[in-house]
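Now for the letters of each chain:
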Amino acid sequence: MSKVKTAILVVLGLIWLAPVYLLVVNASKSVDGYDAKTVWKPAGFSLFANFGDAWSKAALGDTLVATTMYSVIAPVLAVLIGSAAGYAIVVLRLKRGFLWFVFIFGGTIFPLQMILMPLFSGYANSGLYDTRTGMIIVYTAISVPFSAFVMRNFFTGIARSVFEAAVVDGGGLFRIFRSIYLPMAGSALAAIFILQATFVWNDLLLGLTLSQSDSVRPIMPALTGLQSTYGGASLPTVLAGGLLVSLPTVILFLAAQRFFSRGLALGQF
Amino acid sequence: MSNQALDRTGARKAPLFGLPAVAVVALLLYLPFLWTTYVSFTDYDGLASPVWSGLANYKAMFSDPDLIGALVNTLLWVVGMVTLPVALGLLVAVLTYGHKWGTWLRLPFLLPYAISGVAVGVIWGFVLQPDGALGQALGFFGLPGAHTGWLQAGPGNTLMMIVAVTWQAAGVNALLFVVGLQSIPAEPLEAARLDGAEGLSLFRHHLWPQLRPITTVVIGLSIVGSLKTFDVVWVMTQGGPGTSSETLALSMYKETFVLNDYGQGAAIALFLSLVTFAASILYLRYQLGDSREQG
């Protein structure tokens, strides 16, 4: 029985790895050496030349800088804003705190489609359209509800006496937040950060709607530009681009698997 | 300081800490939500003022052949995503659970999950090229279909894209099912094994009933996710040829930003939101209901 199980898993697993194999092999072929009739056969190794091509042709260089900025700054802001809300609701016992919590968390229930058009109009009118600030603001806003959700749960688990002792010691409310509650929440903060950074990195829809220039446009819309018109790029170049943009999230995922499964159970993604 | 005094001090300053989150969410999520809701009942091109048109945009959704097509495709996505990746995820979870090398054998299925929808589209667009990787593999094994244009006609193109997303999503579901399996108490299971239950019968009578809560969550997440299908389709076919593989999420984008029919786009968005909301409630209630029965 166990042998049958293993056999099924190995066969299925090989099928699952086949697209990854095809991606790596064909992204490594030189543009001239690529033959559409023999995609299963490896031929040569020009992966880094193709990375270079993708980099220059899709202006991936600019866009990588911008996307890295978004994927770091927006989740950090969201984590801070979300934990401040959690602190207010749980520790400081904000009046009607639960209602406010439902209000904040409710912000993620509807699909992105519901806010795209007004965001586009609003951004166009306020000068935020096609700016890095605009992108950071929208990514932060999207990440706040989940962050508040996790942090509220986390702070609920901390004994009330911690707060009482800190107040008796004469700490201000802001200092208690910064130097006692935030440091205690390290693992929760990291989990939120990783999940939201991945979300921002992989986003297509918001980037497509709210930006157009190479220096602002996030990486996923930039890659679709390379793919759809082939923007003068050959197939190995496109595939190399696809591989390049996937590496950061794959590495992050493998390094932090348990955070992902925890986030999943919370209904993120 | 007494507890009450403590609570008063806290509660007085609390709004300061809560304000940023409330403000950001209100301004960037709720306000747009309300505006879209209003626009969905109007005729609006994004330039002139919106003109009230009642339910016209909603009626169009169920009479315009292109939009009906998108509705059908979205339905296909929902049905496809609650069956294929869920069944495969369950299979992988059951086979790897308790297996000596379970964690490693699960890895190939988890890998695609870390890849973005756009990259999945790029990879599978390549695999499904006419006479491409899939065609060549079928030809090699002497199987029919080697020269099929996988993405060139509906509904076949939608089905092939469902396969692509199944490749991406099965591992996540497997992970969730493993979490579910881990929560099943070991002793009754051991007793059943001693009674001679094994294989399919063990699964049907002893594992499956206990997996119901997590199954509801997996199916709920699958429904909610499939209703929003955009990235993979946008990359692989842009909804084409014609509108043959368009989903509602794609129609929403095209109506609004390509055809400048903001009212129509808004109506599609609100419709999607309502269905998503209903699906979320359904599975959340099931989930809560189940835990109450057991607790």
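Calculation rules
All residue numbers refer to position in the chain's written sequence, counted from 1. Following the order in which they are written, the chains are lettered starting with A and the ligands numbered starting with 1. Reporting of local features is limited, given that this is a predicted model, to residues whose pLDDT is at least 70; pairs of side-chain atoms are given and counted only at 80 or more, and all residues count toward the totals for whole chains, interfaces and linings. Only DSSP runs of H or I with at least four residues qualify as helices, and only runs of E with at least two residues qualify as strands; both kinds are numbered from the N terminus onward. In this treatment the radius of gyration is a C-alpha quantity, and the globule benchmark scales as 2.2 Å times the residue count to the 0.38 power. Residue burial here comes from a neighbour count, namely the number of other C-beta atoms, placed from the backbone, that lie within 10 Å of the residue's own C-beta, with 20 or more meaning buried, 12 or fewer meaning exposed, and in between meaning partly exposed. C-beta atoms are first placed from the backbone for all residues, and any pair lying within 7 Å is then listed as a contact. All amino acids are sorted into three groups, where Ala, Val, Leu, Ile, Met, Phe, Trp, Tyr, Cys and Pro are nonpolar, Asp, Glu, Lys and Arg are charged, and the leftover types, Gly among them, are polar. Interaxial angles span 0 to 180 degrees and are taken between N-to-C directions of axes, which are lines fitted to C-alpha atoms, for helices over the stretch in contact. Should an angle fall under 35 degrees it is taken as roughly parallel, and over 145 as roughly antiparallel, whereas 65 to 115 is taken as roughly perpendicular and any remaining angle as oblique. If you view the pair so one helix is near and one far, a crossing is left-handed when the near helix is turned anticlockwise from the far one by less than a right angle, and right-handed when it is turned clockwise. Here, a nonpolar core denotes buried Ala, Val, Leu, Ile, Met, Phe, Trp, Tyr and Cys residues that are linked to one another through C-beta atoms within 7 Å. UniProt positions are given in the numbering used here, feature names are shortened, and annotations may be inferred rather than shown by experiment. pLDDT runs from 0 to 100 and stands for how confident the predictor is about each residue.

**Student:** So what's going on with the overall build of chain B? Which residues, and what values?
**Tutor:** Within chain B one finds 13 helices and 2 strands. Taking 295 residues into account, the globule formula puts the C-alpha radius of gyration at 19 Å, and chain B, at 24 Å, lies well above it. Each principal axis of the C-alpha distribution contributes one length, and for chain B these read about 80 × 75 × 30 Å. Split into buried and exposed, the 295 residues of chain B put 46% on the buried side. At a minimum sequence separation of 6, the contacts of chain B that also span at least 24 residues come to 69%.

**Student:** Tell me about the overall build of chain A, residues and numbers included.
**Tutor:** For chain A, the count of helices and strands is 13 helices and 0 strands. Written out in order from the N terminus, the α and β elements of chain A read α-α-α-α-α-α-α-α-α-α-α-α-α. The C-alpha extent of chain A, read off along each of the three principal axes, is 75 × 65 × 30 Å. For chain A, with 269 residues in total, the buried portion stands at 50%. Considering only contacts within chain A whose residues lie at least 6 apart along the sequence, 77% involve residues at least 24 apart.

**Student:** An account of the interface of chain A and chain B is requested, with residue identities and associated values reported.
**Tutor:** Facing 71 residues of chain A, the contacting portion of chain B comprises 71 residues. If one sorts the elements of the side of chain A that touches chain B by residue count, helix α1 (residues 2-27) of chain A sits on top with 10 residues. A breakdown of the residues in the side of chain A that touches chain B according to their chemical character gives 51 nonpolar, 16 polar and 4 charged.

**Student:** Hey, could you go over the packing of helix α7 (residues 156-182) of chain B against helix α10 (residues 212-227) of chain B for me, with residue numbers and the actual values?
**Tutor:** All names here are of chain B. Axis separation between α7 and α10 bottoms out at 9 Å; the angle between their running directions is 160°. Between α7 and α10, the angle falls in the class roughly antiparallel. α10 is crossed by α7, and the crossing has right-handed handedness. Of the residues in α10, those in contact with Asn173, Leu176, Phe177, Val179 and Gly180 of α7 are Ile214, Val217 and Val218. In the contact of α7 with α10, the residues fall into 6 nonpolar, 2 polar and no charged.

**Student:** Lay out the nonpolar core in plain terms, naming residues and giving numbers.
**Tutor:** Ranked by internal contacts, the top residues of the largest apolar core, which has 170 residues, are Tyr87 and Val138 of chain A together with Ala21 of chain B. Looking at this core, the element that brings in the most residues is helix α3 (residues 60-91) of chain A, giving 16 residues. Those residues in contact with Tyr87 of chain A that sit more than four places away from it in its chain are Leu92, Phe155, Phe177 and Tyr181 of chain A together with Phe17 of chain B.

**Student:** Can you tell me about the UniProt feature "transmembrane region" (unreviewed entry) in chain A, naming the residues and giving the values?
**Tutor:** All names here are of chain A. Within this numbering scheme, the UniProt entry marks residues 69-90, 97-116, 136-155, 180-201 and 233-256 as carrying the feature "transmembrane region" (unreviewed entry). Secondary structure across residues 69-90 divides into 100% helix and 0% strand, with the first and last C-alpha atoms of the span separated by 31 Å. Its end C-alpha atoms 27 Å apart, residues 136-155 is made of 100% helix and 0% strand.

**Student:** I'd like to hear about helix α5 (residues 117-127) of chain B, residue by residue, with values.
**Tutor:** Across the 11 residues that make up α5 of chain B, a large majority, 11, are buried. Taken residue by residue, α5 of chain B has Gly117, Val118, Ala119, Val120, Gly121, Val122, Ile123, Trp124, Gly125, Phe126 and Val127 of chain B as its buried positions.

**Student:** Got a sec to walk through the UniProt feature "domain: ABC transmembrane type-1" (unreviewed entry) in chain B? Specific residues and values, please.
**Tutor:** What UniProt calls "domain: ABC transmembrane type-1" (unreviewed entry) maps, in this numbering, to residues 71-283 of chain B. The span residues 71-283 of chain B carries 72% helix and 0% strand; its end-to-end C-alpha distance comes to 22 Å.

**Student:** Tell me what's going on with the UniProt feature "transmembrane region" (unreviewed entry) in chain B, and back it up with residues and numbers.
**Tutor:** All names here are of chain B. According to UniProt, the "transmembrane region" (unreviewed entry) feature falls on residues 16-35, 75-97, 109-127, 158-179 and 262-284. Structurally, residues 75-97 is divided into 96% helix and 0% strand, and its ends, taken at the C-alpha atoms, are 32 Å apart. Helix and strand shares over residues 262-284 are 100% and 0% respectively, and the end C-alpha atoms of the span are 32 Å apart.

**Student:** How would you sum up unusual backbone geometry? Please name residues and give values.
**Tutor:** Of note, the amide linkage connecting Gly154 of chain B to Pro155 of chain B takes the cis form, showing an omega dihedral of -5°. Topologically, Pro155 of chain B is positioned in the loop between α6 (133-140) and α7. In the segment running from Gly240 of chain B into Pro241 of chain B, the intervening peptide bond is cis, with an omega of -5°. Looking at the element boundaries, Pro241 of chain B is found in the loop between α11 (231-236) and α12 (248-257). One non-glycine residue, Arg96 of chain A, adopts positive backbone phi at about 50°. Checked against the element boundaries, Arg96 of chain A lands in the loop between α3 and α4 (97-106). Look at Arg96 of chain A and you get exposed, because 10 C-beta atoms sit within 10 Å. Unusually for a residue other than glycine, Asn260 of chain B sits at a positive phi of about 55°. Mapped onto the secondary structure, Asn260 of chain B falls in the loop between α12 and α13 (262-294). For Asn260 of chain B, a count of 13 C-beta atoms within 10 Å gives the class partly exposed.

**Student:** Break down the confidence of the model for chain B for me, with residues and values.
**Tutor:** Regions with low pLDDT should not have their predicted coordinates read in detail. Residue and element names in this part refer to chain B. Scored by pLDDT, chain B has a mean of 89; 96% of the residues are at 70 or more. Long-range and interchain partners of residues 291-295, a stretch whose pLDDT sits below 50, account for 1 contact in this model, where long-range means more than four residues apart. The ipTM, which scores confidence in the relative placement of chains, is 0.89 for this predicted complex, and the corresponding pTM is 0.91.

**Student:** Give me the packing of α1 of chain A against helix α12 (residues 235-255) of chain A: which residues, what numbers.
**Tutor:** The packing of two helices is summarised by the inter-axis angle and the distance between the axes. Residue and element names in this part refer to chain A. Where α1 meets α12, the closest approach of the two axes is 8 Å, and the angle between their N-to-C directions is 125°. The orientation of α1 relative to α12 falls into the category oblique. In this structure, α1 meets α12 at a crossing whose hand is left-handed. Taking contact as the criterion, the partners of Leu23, Val24, Asn26 and Ala27 in α1 are, on α12, Leu235, Pro236, Leu239, Ala240, Gly242 and Leu243. Looking at the contact of α1 with α12, its residues break down into 8 nonpolar, 2 polar and no charged.

**Student:** I'd like a rundown of helix α8 (residues 186-194) of chain B, residues and numbers included.
**Tutor:** With 0 of 9 residues buried, α8 of chain B is to be regarded as a mostly surface element. Once α8 of chain B finishes, Gly196 of chain B follows within two positions and takes phi at roughly 100°, a positive value.

**Student:** I'd love a proper account of the environment of Ala267 of chain B, names of residues and values included.
**Tutor:** By secondary structure assignment, the location of Ala267 of chain B is in helix α13. A sequence separation of 231 residues divides Ala267 of chain B from Thr36 of chain B, and the C-alpha atoms of the two residues are 8.0 Å apart.

**Student:** Explain the environment of Leu76 of chain B residue by residue, including any values.
**Tutor:** Residues and elements named next belong to chain B. Within the secondary structure, Leu76 sits in helix α3 (residues 65-96). C-alpha of Leu76 to C-alpha of Ala269: the two residues are 193 residues apart in sequence and 18 Å apart in space. With sequence-adjacent residues up to four places away left out, Leu76 is seen in contact with Pro155 and Thr158.

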